Amino acid sequence: MSQFGHVSAVNLRGQSNLNNLWSSQSWRCYCLDGKMNTLSFASSDAMGRKLKSPSANAFMTRSRKDVPPLKVVCIDYPRPEIESTVNYLEASYLSSTFRNSPRPNKPLKIVIAGAGLAGLSTAKYLVDAGHKPILLEGRDVLGGKVAAWKDDDGDWYETGLHIFFGAYPNVQNLFGELGINDRLQWKEHSMIFAMPSKPGEFSRFDFPGVLPAPLNGIWAILMNSEMLTWPEKVKFAVGLLPAIIGGQSYVEAQDGITVKDWMRKQGIPDRVTDEVFIAMSKALNFINPDELSMQCILIALNRFLQEKHGSKMAFLDGNPPERLCMPIVDHVTSQGGEVRLNSRIQKIELNKDGSVKNFVLNNGSTVEGDVYVFATPVDILKLLLPEDWKEIQYFQKLDKLVGVPVINIHIWFDRKLKNTYDHLLFSRLYS
């Protein structure tokens, strides 16, 4: 009998013996008129063949005849010491159990729907455990929500801006296992907000490196004078005490209350929500504080307060399909797994007992396995859900899950902007 599962959140666990790649601050210069090998998925049916990927120093190209070559200079800050944190060590141990477990007498053939980071990481750890995953992606590009496309001018268009926090132990372990830690460009430990009332000006929360957590975060809040008044800071701190004292059980209990309602319940002024948590809610789930569960905010805040480098951010040094997804594909295929693009699922066919018989693809072919995993947005699973399953209480819970549509806009400027930062800039637009 086959098994079926749904990966709704990426669970990236890994282990590596990492060295500090940065002994001091270094400068990197990328010339945007340089050349790189490109990776095209057009009309490809599978990933079984060898594909070219860019060199470690490749960045992006821009070849407009009417615009002179641009030079962008960025500062790479030292990689933070995150390998000794409790969460990182736990992730390392859990990852090692996949590699060190006894090899199965008969490897399972596991069919995974979706080649985003959830599906790719699932396949990665399954091959580590000795199984044979078959990863199916409906589009012609890897990455899911981190997918990217290259236009005729050589510019990459990404599915939104993606950052990697120090408090992402599973992702950081994955980078280490793949040997691509050097592809993360760490920025100074700050959170920078645009000031709507003062166009062109920014307000900073700077986390001092000499202080441990949570003192570095408290200092960053106290030293910011543009966004919150002292009475607002005090009320905010007092309002967070239940979350700090109550721990994880308290955080989980807040799932049924919105950010805005929780703030009011704790006596925190609405202006704190407007100044800080509109941007934070948008960054986490693309929705406003009157819609987002407070549990999401508290999970992030707890990580940032518990870990000294938890809120420190890094950017990937190029487009995600090539710089992050392809190393996972190489790892999976080198151990006998498969990754197939342009393999859109049309139907989940069932056996008489209600278990999965196979996945039927758009071209009419079928893919069978011992276990089936869905690693796609919830809307796709809801569209493909068999009629017989819609009466099952477990799957009825899907009705409460709604996808959030997101529009991503890229704007190219013909010159360097003044009074800006080489960093993530939070906006507080409420819409």
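Below is a short write-up of the structure. Bear in mind that the values here come from a model prediction, so they are computed numbers and not experimental data.

Rules and cut-offs
Residues numbered from 1 in each chain as written. Predicted model: local features only at pLDDT ≥ 70, side-chain atom pairs only at ≥ 80, totals over all residues. Heavy atoms only, no water. Pairing = 2+ DSSP bridges. Helix = DSSP H or I, 4+ residues; strand = E, 2+ residues; numbered from the N terminus. Expected span 1.5 Å × (residues − 1). Buried < 20%, exposed > 50% of the residue type's maximum accessible area, 1.4 Å probe, protein only. Axes fitted to C-alpha atoms, helices over the stretch in contact; angles between N-to-C directions. Core = buried A, V, L, I, M, F, W, Y, C linked by side-chain atoms within 4.5 Å. Contact = heavy atoms within 4.5 Å. Phe/Tyr/Trp six-rings, centres within 6.5 Å; stacked < 30°, edge-to-face > 60°. Patch = residues over 30% accessible without salt bridge, like charges linked within 9 Å, V, L, I, M, F, W, Y side chains within 5 Å. Areas by Shrake-Rupley, 256 points an atom, 1.4 Å probe, with all protein chains shown as cover. Salt bridge = Lys/Arg side-chain N within 4 Å of Asp/Glu carboxyl O.

This part takes up the sheet that holds strand β16 (residues 366-367). Pairing within the open sheet is antiparallel, and its three strands lie in the order β14-β15-β16. Single-partner strands in this sheet number two, and they are β14 (345-350) and β16. Here two bridges tie strand β15 (residues 356-361) to β16, and the two strands are oriented antiparallel to one another. Among the inter-strand pairings, phenylalanine 359 is bridged to a residue of β16, identified as valine 367.

Taking 1.5 Å per residue as the helical rise, helix α1 (residues 86-100) with its 15 residues ought to reach 21 Å, and the 21 Å between its terminal C-alpha atoms agrees with that figure. Those residues of α1 not exposed but buried are Asn87, Tyr88, Ala91, Ser92, Ser95 and Ser96.

Let us now look at the sheet that holds strand β8 (residues 163-165). One open sheet holds the three strands; their spatial order is β8-β12-β9, and the pairing between them is antiparallel. On the outer flanks of this sheet lie β8 and β9 (184-186), each paired with one strand and no other. Ignoring strand direction, the axes of neighbouring strands in this sheet form an average angle of 35°. By the bridge criterion, three bridges tie β8 to strand β12 (residues 313-316) in an arrangement that is antiparallel. Among the inter-strand pairings, phenylalanine 164 is bridged to a residue of β12, identified as alanine 314.

Counting residues in hydrophobic clusters, the biggest one holds 38 residues, and the most contacted among them are Met191, Trp262, Met263, Phe277, Met294 and Ile297. Mapped by element, the contributors of at least two residues to this core are β8, β10 (190-194), α5 (230-253), α6 (259-265), α7 (270-285), α8 (294-306) and β12. Of all the elements, α8 adds the most residues to this core, at six residues. Excluding its chain neighbours within four sequence positions, the residues that come into contact with isoleucine 297 are Val259, Phe277, Met280, Ser281, Leu284 and Leu292. Membership of the second largest hydrophobic core comes to 34 residues, among which are Leu142, Val171, Val329 and Val339.

Let us now look at the packing of aromatic side chains. Under the defined criterion, the tally for this structure stands at 12 aromatic pairs. Ring centres of phenylalanine 98 and tyrosine 125 lie 5.5 Å apart, and the angle between their planes is 35°; on these two criteria the pair is classed as tilted. Here phenylalanine 98, found in helix α1, pairs with tyrosine 125, found in helix α2 (residues 117-128); they are 27 residues apart in sequence, far enough to count as distant. By relative accessible area, phenylalanine 98 is classed as partly exposed at 29%. A residue is classified by how much of its surface remains accessible, and tyrosine 125, at 4% relative accessible area, is buried.

Bringing a nonpolar patch on the surface into the picture now. Taken together, the side chains of Leu215, Ile218, Trp219, Leu222, Met223, Trp230, Val234, Val238, Leu241, Ile244 and Ile245 define a hydrophobic patch exposed on the protein surface, amounting to about 1100 Å² of accessible area. Where the nonpolar patch is concerned, the elements lending two or more residues are α4 (215-222) and α5. No other element matches the six residues that α5 contributes to the nonpolar patch. Mapped onto the secondary structure, methionine 223 falls in the loop between α4 and α5. Overall, methionine 223 belongs to the partly exposed group, its relative accessible area being 47%.

Glancing now at unusual backbone geometry. Between alanine 213 and proline 214 the backbone carries a cis peptide bond, its omega angle lying at 5°. Along the chain, proline 214 falls in the loop between β11 (202-206) and α4. Notably, phenylalanine 286 is not glycine yet its phi reads approximately 65°, a positive angle. With respect to the element layout, phenylalanine 286 can be found in the loop between α7 and α8.

Turning next to the pairing of strand β17 (residues 371-374). Looking along a regular strand, one sees side chains alternate from face to face of the sheet. Side chains Val371 and Val373 project from β17 onto one buried face, and the interleaved Tyr372 and Phe374 project onto a second face that is buried too. Sheet topology places strand β4 (residues 109-113) next to β17; four bridges connect them, and they run parallel. Within β17, the position partnered with isoleucine 112 by the bridge is valine 373.

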